[in-house]
Amino acid sequence: MPQGDLLRRQYMGRNVDLRQLNQLVERFFKSKGFRTSIESGENSFTIVSRATHVHDIVGAITVSILGKPNEFTLAFFSGERSEAFKKFGQLTSLLGGGTLFLRGARSQEEEEKLERFFWIYIEEKIDLLTRSSSTSQV
């Protein structure tokens with residue numbers, strides 16, 4: 001597993017339309033100015049969001065939705081590049097790499113702030129989507 005931050009939350013008994021949830025996750029990132037790409041499988045969606053020039057975030061943020069309407073997991077992953085910038089900046093600080101460290105630290109701070117907003121948003125949307133799926137597979 002790559003380094004970085006990974007937070008997973010599992011949801012049971014909600015009967016959520018995962019396609020709609022996927023669309024709402026993508027909408028969240030687009031509204032924040034990110035470019036998004038989506039991969040979907042039989043019981044999964046992966047949304048990769050890349051920061052544009054308006055962000056201090058240096059890497060991609062990945063959200064995955066795995067499972068079925070009544071039992072699914074939502075995972076938020078970020079921080080791999082921010083961590084690399086910080087480590088490389090520390091190693092090269094004597095040669096002027098301190099700016100890399102600061103950029104990595106600033107990116108990490110922005111990722112954490114975005115993640116807090118994401119979970120507030122997503123909890124509200126899951127509450128709204130409860131019982132939205134036409135199937136109640138377990």
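Residues numbered from 1 in each chain as written. Predicted model: local features only at pLDDT ≥ 70, side-chain atom pairs only at ≥ 80, totals over all residues. Heavy atoms only, no water.

Caption draft 1: How the structure looks around helix α1 (residues 18–31). An ideal rise of 1.5 Å per residue puts 20 Å on 14 residues; α1 measures up with 20 Å between its terminal C-alpha atoms. Listing the buried residues of α1 in full gives L18, L21, N22, L24, V25, E26, F28 and F29. Looking at where α1 begins, the residue whose side-chain oxygen comes 3.0 Å from the main-chain nitrogen of R19 is D17. Phi for G33, located one or two positions after α1, is positive at around 90 degrees. (Helix = DSSP H or I, 4+ residues; strand = E, 2+ residues; numbered from the N terminus. Expected span 1.5 Å × (residues − 1). Buried < 20%, exposed > 50% of the residue type's maximum accessible area, 1.4 Å probe, protein only. Polar contact = N/O pair within 3.5 Å; in protein donor to acceptor, adjacent residues only side chain to side chain.)

Caption draft 2: A look at the pattern of salt bridges. According to the stated counting rule, one finds five salt bridges in the structure shown. The salt bridge involving E26 is made with K30; its shortest N-O contact spans 3.4 Å. Of this pair, E26 and K30 both sit in helix α1, four residues apart, which is roughly one turn of that helix. Notably, a salt bridge pairs K113 with E110, separated by 3.5 Å at the nearest N-O pair. Separated by three residues within a single helix, K113 and E110 lie in helix α3 (residues 98–129), roughly one turn from each other. On the accessibility criterion, K113 (34% relative accessible area) is partly exposed. (Salt bridge = Lys/Arg side-chain N within 4 Å of Asp/Glu carboxyl O.)

Caption draft 3: Region of interest: unusual backbone geometry. Positive phi, close to 55 degrees, is recorded for N15, a residue that is not glycine. On the secondary structure map, N15 appears in the loop between β1 (5–12) and α1. At R131, a position not held by glycine, the phi torsion is positive, near 70 degrees. By the element assignment, R131 lies in the segment after α3. Since its relative accessible area comes to 68%, R131 is described here as exposed.

Caption draft 4: Local environment of the packing of aromatic side chains. Counted by the stated rule, this structure contains nine aromatic pairs. Centroid distance F28 to F29: 5.1 Å. Interplanar angle 85 degrees. Geometry classified as edge-to-face. In terms of burial, F28 and F29 fall into one category: buried. On the accessibility criterion, F29 (0% relative accessible area) is buried. (Phe/Tyr/Trp six-rings, centres within 6.5 Å; stacked < 30°, edge-to-face > 60°.)

These results come straight from atomic positions and should not be treated as a statement about function.
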